[in-house]
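Structural overview for review
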Amino acid sequence: MLLIFLDYSYSLSAMTFLATCVSDSVYLFRNKELISISLDWIDNCSLVVKMLSVFVSNILKIGNILLVIPGFIILFQFIWIFVRAIRQKNMQKKNIYSEKIIREAMSSILESDGGTARKTDLKRLKDALGSKQVFYDILSSEIFDYVERFDELSNSKKNLVSQIIEFVNPIAFYKRKLHAGDAYEKAHACKMLASYGAESEIKSIEKHLKSKNKYLSYSAAMALSKLGDKNNASQFILDSHDNFRVSHRFIIQLFDNYGDDVKGLAAVVLGECDDYIKATVIKAIAKYNFREFEDIYTESLKSENPTLRVAAITALGNFADAEHEQILINAFSDKEWIVRSAAVKALGLIDTPDSLAVVSRATSDPEWWVRYNAARTLVSMTNGLYEVESILSGYDDYAADATKYTLYRDYAAAIDPTDSNS
Amino acid sequence: MELIRSAALAVTYLFLLLFAFFSFMHIISIIKEYLIVKRNDNKGIAINYIERTEIEGAIPVSIVIPTYNNAEVICDAIDRALSIEYGNFEVIVVDDGSDDDTIKSILDKYELERIESAIRCTIPIKKILGVYFSPKYPSLLLMSKEHGGIADTINCGINASRFPLFIAIGPNDIYEKNAIYRLSTEFFIDSSTVVSCGVNRINKPEKIGRTGYLESMQMTECIRRIGYNIPVRNSYDSLFSDTGPFSLFNKQIVCDVNGYRVDTENIHYDLILRINKKMLELQRDYRIVKNSDVFCETPPLQSIKNVVKKVFRWQGGTVDVLVAFIKNTFNIKYKTLAFITLPYNLLYNVMFPILECISYIALPVLIAKNWLKPTSALCLCAIYIAVNIIITLGAYMLHQISNKNRIKPSSCFSILLFSFLETLGYRQLMTITRVFGILYHRSYRKAYTN
């Protein structure tokens, strides 16, 4: 291998050193001549060290500059930290003051009898808010506190809250943020607009559903769900598996946030979705006990997907209806332990003698979690404690262990510790 | 003689070269992180949107508190864990065969009673001596076991855990009430998350100067390390050797890799590397997320002896982990792990301290033998100190913008002073300790296992 280096740059010295280690012939191009370098490794080391020495001494000639520059950088950094610390301290004081003014003005407006005092307070409130998001958030939390107990408030106070919203107009502020803020501010604006019930902004929020920023796309979906936009909410759920890798808990939350027509939203999604989404949706709506979906639940038990089978079993169990007992008993013979475990829990809710027998048998299941869940279920069933007694005195150590642990931990926790009779 | 001279100069220059490289990386990382922090300035308000502190919305979390002779602080640690803002969690305190009153103090305060245990040992652990529970505190469980080290203790907690996520927290650790909620957000918004890491730091940096000399030194060193490591981790997915403490893990994945390794010190880093490796082998889509704004604070050590001991053990553990993974370096199957994480860490954690340490010896030799002018050597040292101060102050600048209202004006002079003092003496002592940690990592490992 032949390597030629130009010697006009000292920075190549290190490369020359490396080159001598790997190549047969190395030449330096110096003063328009090609000078061969001996390939003796030790000699080369000395040569390279010499070259590096020249390199370093040259740097040191300009050492003063090298020291002056870092000195200036350090000074700049120090001043930056110091000035910022002072600014932040002042800002903190100002924030505390403004927060106090906002809270005082709010209570003063709601307590005052009217007239010029109220107008002054409203003006004071608007001045204190300025254009800072944090103050609008404080105001909004105060407003939502009142809105939550709207029924308890007198008509005059209800009017006053409306007047404050009208005068200060937080919705306009969050609208501006939705259009002009960064992704996180937009996400926050989605939330606040949904909380204010700003249905006129559905179109603007909808634009952010497919944002690359997950916080923004999720916040937009959640806001649309809260505003009752069935089409967009259902489309987001249907797309979520392919596009967003969204956790199933998020979808559950989306359903929880949805307005009155959860059933309608579920019907739209269940009609078009794949097994993953179906399982999640069934989990989300299981607690509502919608009889309309019973067939879908039963059909889902035939699915290859164990998560879907678990969701369907949970939903059927929630009905606590003996009509589903046989289906659930059959599910207990499933090869997947998570399905057997779900079946045991569901049978516990049905709580018939037949269910009790199956749950009792489950305490000897080969899988620890099934035994554990069976024991937990058993102690909560009518006549379950008799079964517990026989398990504890029986020969099956695995079942006895799981039952003892449950009795001590879960069952004891359920009993009021102050009740001496328990 | 010529050979010695060449060798001494070569080592010094090589060290300077590496120093320049790492300093450059430090500064670039700090600038990059500055831009990221500015961009994510309002992330906090967006996280708050996901209102899932209620039981149904929260992904259940097990908080494992390993303890060994921590009688004085353990009850405070439990109170802290029980008072977090989270919907669904359990606290599992695992005592690693303490000799003091740790168990007694817990039993007395929380009125726990011994219960029959049926713990499924997915990960092999030392013998469990007892399980304690009280209906008064249904989310608290105390376990005592034979002494087996911190890794074995956390593994015991994982075995007892009933929930899909877990986090191991030291008895001295202090964290915000919503810290776990923020870590769990990553699991909530993306189902492929396997680990959500927080930042473990020594005390609050704004306390610098108001504590003792040694404490301030530790804080200065820590803030520089955090300022450097976080951006590099975020930028290149290069998992640094301090990754792992105060992290929320997917329990199933941790069980799949057999939990924490019991014969090393840097257990969290080892676990994260093994999780990485496992996921790459399975070719599964996964993400390990670093949250540079979620902090856990550990109090500084009170004596220099303990600091040296800790650094020695930590360095030994890090080298031990890197050696265990060395066969995976440059293996195309392991992608970033093989081509960036491992080589970079080997260079930074093994090669760099050794070269730095040798150059401490080489520089006086070069000056004594008149092979390097004293003024030149002085100039080099001055540049070395100045660059270190720039990096430390850069890390403080980063801290100042990412943690609003933290550093007070009165602390600024202490920051400047300790940034200077840290590079004179403390850093050298730590580097020498690290080199001993590297050299004796094998013997130390034997001792640890015993």
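The following paragraphs examine the structure supplied in this document. (Residues numbered from 1 in each chain as written. Chains lettered and ligands numbered in written order. Predicted model: local features only at pLDDT ≥ 70, side-chain atom pairs only at ≥ 80, totals over all residues. Heavy atoms only, no water.)

So, about the overall build of chain A. The number of helices and strands found in chain A is 22 helices and three strands. Classification of the 422 residues of chain A by burial places 49% in the buried group. For chain A, the proportion of contacts with a sequence separation of at least 24, taken over those separated by at least 6, is 57%. Roughly 21600 Å² of accessible area belongs to chain A as shown, and the carbon and sulfur atoms make up 54% of that amount. (Helix = DSSP H or I, 4+ residues; strand = E, 2+ residues; numbered from the N terminus. Buried < 20%, exposed > 50% of the residue type's maximum accessible area, 1.4 Å probe, protein only. Contact = heavy atoms within 4.5 Å. Areas by Shrake-Rupley, 256 points an atom, 1.4 Å probe, with all protein chains shown as cover.)

Attention now moves to the environment of M1 of chain B. All names here are of chain B. The topology assignment puts M1 in the segment before α1 (2–39). Overall, the relative accessible area of 62% leaves M1 in the exposed class. Here M1 is in contact with K369 and W371, once residues within four sequence places are set aside.

Residues and elements named next belong to chain B. Taken together, the ten strands give an open sheet; going across it, the order is β3-β4-β5-β2-β1-β6-β9-β8-β10-β7, and neighbouring strands pair in mixed fashion. Here the strands that pair on one side only, and so sit at the sheet edges, are β3 (113–115) and β7 (174–175). Relative to strand β5 (residues 140–145), strand β2 (residues 89–95) runs parallel, the two being bridged by five bridges. Directly across from V94, in β5, lies its bridge partner M143. Each of β1 (61–67), β6 (165–168), β7, β8 (193–202), β9 (247–250) and β10 (287–298) touches helix α6 (residues 179–189); the most contacted strand, β8, lies at about 150 degrees to it. (Pairing = 2+ DSSP bridges. Axes fitted to C-alpha atoms, helices over the stretch in contact; angles between N-to-C directions.)

Once that is clear, we can look at a positive patch on the surface. On the surface, K89 and K93 of chain A together with K207, R210 and K408 of chain B cluster together to form a positively charged patch. Assignment of secondary structure puts K93 of chain A in helix α3 (residues 63–111). What makes K93 of chain A exposed here is its relative accessible area of 55%. (Patch = residues over 30% accessible without salt bridge, like charges linked within 9 Å, V, L, I, M, F, W, Y side chains within 5 Å. Salt bridge = Lys/Arg side-chain N within 4 Å of Asp/Glu carboxyl O. Lys, Arg positive; Asp, Glu negative; His and termini not counted. Charge placed at Lys NZ, Arg CZ, Asp CG, Glu CD.)

Residue and element names in this part refer to chain A. On the surface, V68, F72, L75, I79 and V83 cluster together to form a nonpolar patch covering roughly 470 Å² of accessible area. Topologically, V83 is positioned in helix α3. Overall, V83 belongs to the partly exposed group, its relative accessible area being 41%.

Right, let's get into the pattern of salt bridges. All names here are of chain B. For the structure shown, the criterion picks out 30 salt bridges over all chains. Here E297 ties to R201 by a salt bridge, and the two come within 2.5 Å at their closest N and O atoms. Here E297, found in strand β10, pairs with R201, found in strand β8; they are 96 residues apart in sequence, far enough to count as distant. Its relative accessible area of 2% is what places R201 among the buried residues.

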